[in-house]
Amino acid sequence: MSKLTDEDRKSLLKLARTAIEAEINAGSKIRRPEKISSGLKEKRGCFVTLHKNGILRGCIGTIEPVRSLAFNVEENALNAAFHDPRFPAVEKDELSDIDIEISVLTVPKKVDFKDGDDLKKKLKPKIHGVILSQGYQSATFLPQVWEQLPDREDFLEHLCQKGGMGGECWKDRETTVKVYEAEYFSES
């Protein structure tokens, strides 16, 4: 996976911001990157996170690298602003208070573990994003979530609960665990 240039990051943040603005303001245009670099064409998973005055206001993403990064950022920005089921749609008067963060992911890798203690040892706080899955239930936390939940057990229990799998699902060898890393950047 290639690292993004400063120009790529600026282009993606502008793309996310103008996609949201164009949805709210009639006549406003999405400013897609003029020069599509190899980094923006590359198939990458990504999340777009919106914060309003430092508080989460929306977060939607794509984990698997199935489409170009530029396409995913535009789509996820719109979904974070208007389709995150935890929040009402962003309104015009909020735009100036919203800060956009983009997380570009590596391809998730499965973690083999013997038991809960073994799993805890294999996780790298602030580096690993974690996906827990059981059957049709699944949940992920980006690496940034370690800032709020630095204790490995707390992190994993909250992630299990987020996915509706019961607080100790991470100890169950039937749970599939994957990790990924993220390059993240924001407007602020």
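What comes next is a walk through the structure.

Rules behind the numbers
Residues numbered from 1 in each chain as written. Predicted model: local features only at pLDDT ≥ 70, side-chain atom pairs only at ≥ 80, totals over all residues. Heavy atoms only, no water. Core = buried A, V, L, I, M, F, W, Y, C linked by side-chain atoms within 4.5 Å. Buried < 20%, exposed > 50% of the residue type's maximum accessible area, 1.4 Å probe, protein only. Helix = DSSP H or I, 4+ residues; strand = E, 2+ residues; numbered from the N terminus. Contact = heavy atoms within 4.5 Å. Pairing = 2+ DSSP bridges. Salt bridge = Lys/Arg side-chain N within 4 Å of Asp/Glu carboxyl O.

## Quick word on the nonpolar core
Part 1 of the reasoning: With 25 residues, the main nonpolar core has Leu12, Ile20, Leu50, Val73, Ile100 and Ile102 as its most contacted residues.
Part 2 of the reasoning: Among the secondary structure elements, those contributing two or more residues to this core are helix H1 (6-24), strand E1 (46-52), helix H3 (69-82) and strand E3 (98-105).
Part 3 of the reasoning: Looking at this core, the element that brings in the most residues is H3, giving seven residues.
Part 4 of the reasoning: Beyond its immediate chain neighbours, meaning those up to four positions away, Ile102 contacts Leu12, Leu13, Ala16, Phe47, Val48, Val73, Glu183, Tyr184 and Phe185.

## Topic: the sheet that holds strand E4 (residues 109-110)
Part 1 of the reasoning: Strand order in the open sheet made by the four strands is E4-E7-E5-E6, with antiparallel pairing throughout. Unpaired on one side and paired on the other, E4 and strand E6 (137-141) mark the two borders of the sheet.
Part 2 of the reasoning: Taken together, the five bridges between strand E5 (residues 129-134) and strand E7 (residues 176-180) define a ladder with antiparallel strand orientation. Looking at E7, one finds that Val130 is bridged to Val179.

## A short note on the pattern of salt bridges
Part 1 of the reasoning: Evaluated as defined, the whole model comprises 13 salt bridges.
Part 2 of the reasoning: Glu183 is paired through a salt bridge with Arg9; the nearest N and O atoms lie 2.9 Å apart. Linking Glu183 in strand E8 (residues 182-186) with Arg9 in helix H1, this pair joins segments that are 174 residues apart in sequence.
Part 3 of the reasoning: One salt bridge in this structure joins Lys120 and Glu153, with 2.6 Å as the shortest N-O distance. Remark: Glu153 occurs in helix H5 (residues 152-162) and Lys120 occurs in helix H4 (residues 116-122); sequence separation between them is 33 residues.
Part 4 of the reasoning: Salt bridges linked by common partners bring Asp6, Arg9 and Glu183 together as one network.

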